[in-house]
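Listed below, chain by chain, are the residues.
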Amino acid sequence: GAAVQVDISAIPPGQKLMVEWRGKPVWIMKRTADQLAALEKLDPELADPESKRNAYPTPEYAKNRHRSIKPEVFVGIGICTHLGCSPSDKFQTGAQTSLPDNWQGGYLCPCHGSTFDLAGRVFKNKPAPDNLEVPPHMYLSDTVLLIG
Ligand code: FES
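These numbers come from a predicted model, not from an experiment. (Residues numbered from 1 in each chain as written. Predicted model: local features only at pLDDT ≥ 70, side-chain atom pairs only at ≥ 80, totals over all residues. Heavy atoms only, no water.)

**Q** What is the right way to look at the confidence of the model for the protein in this model?
**A** Detailed reading of the predicted coordinates is not advisable wherever pLDDT is low. With 96% of its residues at a pLDDT of 70 or more, the protein has an overall mean of 93. As scored by the predictor, the complex reaches a pTM of 0.94 and an ipTM of 0.99. (pLDDT = per-residue confidence, 0-100.)

**Q** Help me out: how do you make sense of the pairing of strand S1 (residues 4–7) in this one?
**A** Regular strands have side chains that alternate between both faces of the sheet. Covered by surrounding structure in S1 are Val 4 and Val 6 only, the residues Gln 5 and Asp 7 on the alternate face being uncovered. In this sheet, strand S9 (residues 144–147) lies alongside S1 in antiparallel orientation, the contact comprising four bridges. For Gln 5, the partnering residue across the bridge sits in S9 and is Leu 146. (Buried < 20%, exposed > 50% of the residue type's maximum accessible area, 1.4 Å probe, protein only. Helix = DSSP H or I, 4+ residues; strand = E, 2+ residues; numbered from the N terminus. Pairing = 2+ DSSP bridges.)

**Q** Please clarify how unusual backbone geometry should be interpreted in this entry.
**A** Glycine aside, a negative phi is what most residues show, and trans is what most peptide bonds show. A positive phi angle, close to 50 degrees, is found at Arg 22, a residue other than glycine. You can see Arg 22 is positioned in the loop between strand S2 (15–21) and strand S3 (24–30). A positive phi angle, near 55 degrees, is found at Arg 67, a position not held by glycine. Along the chain, Arg 67 falls in the loop between helix H1 (33–42) and strand S4 (73–77).

**Q** Which parts of the structure should I look at to understand the packing of aromatic side chains?
**A** Two measures describe an aromatic ring pair: the distance that separates the ring centres and the angle between the ring planes. In this structure the tally under the stated criterion is two aromatic pairs. Note on Trp 103 and Phe 123: the rings are 5.6 Å apart at their centroids and 35 degrees apart in plane angle, and the pair reads as tilted. Of this pair, Trp 103 sits in the loop between strand S5 (88–90) and strand S6 (106–108) while Phe 123 sits in the loop between strand S7 (115–117) and strand S8 (137–139), and the two are 20 residues apart along the sequence. One residue, Lys 70, lies across the ring of Tyr 139, its end atom 4.8 Å from the ring centre. (Phe/Tyr/Trp six-rings, centres within 6.5 Å; stacked < 30°, edge-to-face > 60°. Lys NZ or Arg CZ within 6 Å of the ring centre and 35° of its normal.)

And the structure:
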């Protein structure tokens, strides 16, 4: 499939844009400074905080805690690595009993309860075998992303 070019300048901090690439939903999430800082605290609770697993290999440039080229901008495929459902945004705990008490925001898969942080890193003891996939991508300019 063709690569997809996306202008990310209008995404407000704390929100995500969804585009389609090769028939898959690709999330482009602009994380706030607080959301980025929260990622650091989560490492011990994650199955693969440094993205070393290979079911869905993470590109070299995203093998870091924030799993991205620019720290604030996460680019990931919005398909659960378990059986392919679409995880939902869960930025707060609210009445969500399936989320841990110290939930820092992230994604919850409605099918079997896998939880992911805002870098798409899967929590321990969840059915999903790997972090969310990061598609190949690069920046054509400061605000224009090329996916694929
Ligand atoms: Fe997401 Fe099973 S498909 S947890």
